[in-house]
Amino acid sequence: MVVQNRAFQRAFELYTDTVYRVAVHNAPTRADAEDVTQEVFEKLLTGRREFADDEHLKAWLIRVTINLCKNLRRDSRCDGGALTDDLPAPERGDGSVLEAVRALPPKYRNAIYLHYYEGYTAAEIGEILGAGQNTVLSWLSRGRETLKKQMIGGFECD
């Protein structure tokens, strides 16, 4: 049990920020992201899963985080909430690229976030999200194109 607690403590120290950032990108509110982060680590602590290495653990934590956020959105819809999978980012008015990424549909948002912010390859993202590498490459391409259109916002250059 002591070894498991040390392993959990190490995982918590290494990956709490990553799990929270992924949750913020996928949960409706920051409070929901905090709850999801706590639930992810609770699942890690109570589960009996073994991981090949730290990257395997990190990928599992990200996958669980995304799934819990999807469940949260689905549950909100079932309870009569107005959430949709295309929920826009909260309006902050800072015009940052990160906020534009948060406004993307989930498949583009997660692919772009995992690739550009977390440094995963298309193949690794495919494993995390349960999609093929070519599908992820398409999501990245379409997501970048959507971001470009959002960021330019109708301005035309001569």
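Sequence order sets the numbering: in each chain, residues are counted from 1 along the sequence as written. A pLDDT threshold of at least 70 governs which residues receive local features in this predicted model, and a stricter bar of 80 or more applies before side-chain atom pairs are shown or counted, although totals over entire chains, interfaces and linings include all residues. Neither water nor hydrogens contribute to the side-chain values; these are computed over all heavy atoms in the structure.

As recorded in an unreviewed UniProt entry, the protein goes by Sigma-70 region 2 and comes from uncultured Eubacteriales bacterium. UniProt positions are given in the numbering used here, feature names are shortened, and annotations may be inferred rather than shown by experiment. Word for word, the UniProt comment on the protein under Sequence similarities (unreviewed entry) is "Belongs to the sigma-70 factor family. ECF subfamily."

J.: What should I look at first to understand the nonpolar core in this one?
T.: Among soluble globular proteins, nonpolar side chains are generally buried collectively. Only buried residues count toward a nonpolar core, which is a set of Ala, Val, Leu, Ile, Met, Phe, Trp, Tyr and Cys residues joined through side-chain atoms within 4.5 Å. Only protein chains enter the area calculation, which uses a 1.4 Å probe; residues under 20% of their type maximum are buried, those over 50% are exposed, and those in between are partly exposed. If you look at the biggest cluster of nonpolar residues, it comprises 22 residues, and the most contacted ones within it are Ile62, Leu114, Ile128, Leu129, Val136 and Trp139. Those elements giving two or more residues to this core turn out to be helix 3 (54–78), helix 4 (97–102), helix 5 (106–117), helix 6 (122–129) and helix 7 (133–152). Considering each element in turn, this core owes the most residues, five residues, to helix 5. Note that the domain bounds were set by an automatic or database domain assignment. Inspection of this core shows a minimum of three residues originating in each of domain 1 (1–77) and domain 2 (95–157). A contact between two residues is defined here by any heavy atoms of the two lying within 4.5 Å. With sequence-adjacent residues up to four places away left out, valine 136 is seen in contact with Ala122, Ile125, Gly126 and Ala131. Counting residues in hydrophobic clusters, the runner-up holds 18 residues, among them Ala27, Val40, Trp60 and Leu68. Going along the chain from the N terminus, every DSSP run of H or I of four or more residues is numbered as a helix, and every run of E of two or more is numbered as a strand.

J.: Would you mind going over helix 6 with me for this structure?
T.: Along an α-helix, residues three or four apart share an orientation, since each turn contains 3.6 residues. For helix 6, the full list of buried residues reads Ala122, Ile125, Gly126, Ile128 and Leu129. Seen along its axis, helix 6 keeps its buried residues to an arc of 165°; they face one direction. Two residues or fewer after helix 6 comes glycine 130, characterised by a positive phi angle close to 70°. As used here, the arc belongs to the directions running from the helix axis to the C-beta atoms.

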